[in-house]
Amino acid sequence: MKNILLVLFLLAVTALAADPTFHPLTTYGEAFVTAGDANSDAALSSFEQLLDQTHRGEFIAARVYHASGNLSNDDTEGRFTDLEITSVPTIVFNADSRLAGQATAEAYQDMLRSLLFKPAPVKMEVASFNSGTGAVSAILTRLEPDMEDTYYALAWFLIENDVSTATRVTRQILYQPITLPPAGNQSTFNNSFTIDPAWNAANLWVAVSLEKDNLELVQSASTQALPDNSIRFVADWYQYGQTLDIPLPGDMYNSELFWFVNTGAADNMQMRIVIDDAPTDWYINYCDEVGNCYPGSSYLPLVLGAGDMQAFHLNIWIGSLGIAEFHYEITSDNLGTYTVPFRLRSGVVSAQESLLIPALSLSANSPNPFSGATTFLVNAQRSATASIQVFNSRGQKVDETPAQNLQQGENQIAWQAPPNLPAGVYFYRLQSEPGSLRRMLLLK
């Protein structure tokens, strides 16, 4: 059966949908600490664990020291003031989300996860940095035409690794007001740090953030090395850990678009949906933007060149009330495994609802797979009238049997597939019981 499904659905994945007006956000995390402070040291120990769970295209981390001798300076003390940091330790993500005091590694992880799949209206990269002269430049590409008309500035951070027992120490901060380029265009911005001869030039690196007038961070980039192979998920409707409420049983859920962006080298990847926990009568698939729908559980190719992106949306038949937890998985020999979790809820599952017994119940059709004709088995608790509705993988009704009078017990309803129907997966249900959805395979 799996081989048949693969033959039917192994379609070339091509990026034909229009590009989004956003790019994956790179989160910038700052640890506001004091050297020699036990609470600061404990917070840093937890904070540093985030670096092992991400790469620098996803997360950049630096320390901002207060009253800490040569680890502090006027710029870092000013950063405390600008972000209204009143106690140490305080961990701040994207100049906004923060946890004050000593927190657990799990708390920092949860805060970072909530930001990992966020979109940004611009794309940025540090084009060059000379650690000897301090000269630096960055390229900003504006994607969103309707960005707020307000004050924007680049915040440039000069950071030094391995300073005695400290690392990722913020050495200098420059703020540069800028004018955004028109949508779809890019601009190059230049600046220059003042390099102290006491610093180790080999250990210096740069981070840059686009910030709005209220210090809201829009996007970040750095000179730190990125992995050769990486992929990012991004959507403007999704947040890590949220539960999405979807239609009631008998309906189909089509999510908004989500995108996979290849932020590394060209790669031949595979993708699939892995069900962690879901009702057995939910059929969890996905579609691309030219109308091709794919069986969620089967590995299919995802071939993306460097910088390429591909859009999909979830395509889910909902058979009963319940909650489904699953994750999208992309793998390759070069990439490893990249996952995105989803949690969907249809209605509220109660004890009373679980005890309801429908007057009609639909069993698997036979034969299945079939070519031309098949028979649906319907068990009736009492005499009733019923018809069978047939849908394609995009949720479009393609046929319905004539209404038939059913007797108590097992009944058979025969169906002849219309000759114009192409081979593929189809869904069927009792017209009177939307939650009775089942799947079948038509062969040609």
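Here, the structure is the one placed above.
Residues numbered from 1 in each chain as written. Predicted model: local features only at pLDDT ≥ 70, side-chain atom pairs only at ≥ 80, totals over all residues. Heavy atoms only, no water.

Description of the nonpolar core
Quick reminder of the rule: The set of buried Ala, Val, Leu, Ile, Met, Phe, Trp, Tyr and Cys residues whose side-chain atoms join them within 4.5 Å is what this entry labels a nonpolar core. Relative accessibility under 20% of the residue-type maximum defines a buried residue, over 50% an exposed one, and the middle range a partly exposed one, all with a 1.4 Å probe and only protein chains included. Note on contacts: a residue pair qualifies if any of its non-hydrogen atoms lie within 4.5 Å across the two residues.
Within the largest apolar cluster, 34 residues are counted, with the highest numbers of intra-cluster contacts made by Phe233, Phe260 and Tyr328. Leaving out residues up to four positions away in the same chain, Phe260 has contacts with Ile231, Arg232, Phe233, Leu304, Asp308, Met309, Gln310, Phe312, Tyr328, Ile330, Tyr338 and Val340. Within the second largest apolar cluster, 23 residues are counted, among which are Val136, Leu154, Val208 and Val218.

Some details on the environment of Leu217
Note the threshold: By the criteria applied, helices consist of DSSP H or I runs no shorter than four residues and strands consist of E runs no shorter than two, each listed in order from the N terminus.
With respect to the element layout, Leu217 can be found in strand β13 (residues 217-222). What Leu217 contacts, discounting residues up to four positions off in sequence, is Leu25, Thr26, Tyr28, Asn94, Ala95, Ser209, Leu210 and Glu211.

Quick look at helix α2 (residues 38-53)
The periodicity of an α-helix, 3.6 residues per turn, causes residues three or four places apart in sequence to face the same way. Among the residues of α2, Ser40, Ala43, Leu44, Ser46, Phe47, Glu48, Leu50 and Leu51 are the ones counted as buried. Buried-residue contacts for α2 involve β2 (27-33), β3 (59-65), β4 (90-93) and α4 (105-116).

Quick word on the packing of α2 against α4
As a reminder, the rule being used: To obtain each axis, a line is fitted to C-alpha atoms, and for helices this fit is confined to the stretch in contact; angles are then taken between N-to-C directions over 0 to 180 degrees. Note on terminology: angles under 35 degrees are roughly parallel, angles over 145 are roughly antiparallel, angles of 65 to 115 are roughly perpendicular, and the others are oblique. By definition, any crossing whose near helix is turned counterclockwise from its far helix by less than a right angle is left-handed, and any crossing with a clockwise turn is right-handed. Here the nonpolar group is Ala, Val, Leu, Ile, Met, Phe, Trp, Tyr, Cys and Pro; Asp, Glu, Lys and Arg are the charged ones; every other residue, Gly included, is treated as polar.
Closest axis-to-axis distance for the α2/α4 pair is 9 Å, and the angle between their directions is 45°. Between α2 and α4, the angle is such that the two are oblique. By crossing handedness, the relation of α2 to α4 is classed as right-handed. Within the contact between the two elements, α2 uses Ala43, Ser46, Phe47, Gln49, Leu50 and Gln53 and α4 uses Ala105, Tyr108, Gln109 and Leu112. For the contact of α2 with α4, the per-class residue count stands at six nonpolar, four polar and no charged.

Side note on the sheet that holds strand β26 (residues 373-380)
To keep it simple, the criterion reads: The pairing criterion for strands is at least two bridges between them, as found by DSSP.
Across the sheet, three strands lie side by side as β25-β26-β31; this open sheet has antiparallel pairing. Each edge of the open sheet is held by one strand with a lone partner, namely β25 (360-362) and β31 (409-416). Adjacent strand axes in the sheet meet at a mean angle of 30°, parallel and antiparallel pairs treated alike. Bridge analysis of β25 against β26 gives three bridges, and the strand direction is antiparallel. Pairing of Leu362 across the sheet is with Val378, part of β26.

Points about the sheet that holds strand β11 (residues 186-192)
The strand order across the open sheet formed by three strands is β7-β8-β11, and the pairing between neighbours is antiparallel. In this open sheet, the two strands that pair with only one neighbour each are β7 (122-129) and β11. Neighbour to neighbour, the strand axes of the sheet diverge by 20° on average, direction disregarded.

Observations regarding the state of the cysteines
Quick note on the threshold: Counting rule for disulfides: a pair of cysteine sulfur atoms within 2.5 Å.
Evaluated as defined, the whole model comprises one disulfide. Covalent S-S linkage joins Cys287 and Cys293, the inter-sulfur distance amounting to 2.1 Å. Classification of the bridge connecting Cys287 and Cys293 rests on its S-S torsion, roughly 95°, and on that basis the disulfide is right-handed.

Here we look at the side chain of Asn411
The line we're drawing: Contacts described as polar in this section are N or O atom pairs within 3.5 Å, which, within protein, must combine one atom able to donate a hydrogen with one able to accept it, while residues neighboring in sequence count only if both atoms come from side chains.
Counting through the fold element by element, Asn411 comes out in strand β31. Residue classification places Asn411 among the buried residues on the basis of a relative accessible area of 11%. In this structure the side chain of Asn411 is engaged in a polar contact, spanning 2.9 Å, whose partner is the backbone oxygen of Gly409.

A short note on the pattern of salt bridges
Where we set the bar: Whenever Lys or Arg places a side-chain nitrogen within 4 Å of a carboxyl oxygen from Asp or Glu, that contact is recorded as a salt bridge.
A full pass over the atoms with the stated rule returns 12 salt bridges. Here Glu160 and Arg171 are joined by a salt bridge, their closest N and O atoms 2.9 Å apart. Pair noted here: Glu160 is in strand β9 (residues 152-160) and Arg171 is in strand β10 (residues 169-178), with a separation of 11 residues, a long-range link. An identical accessibility class is assigned to Glu160 and Arg171; each is buried. Through salt bridges with shared partners, one network takes in Glu30, Arg79 and Glu211.

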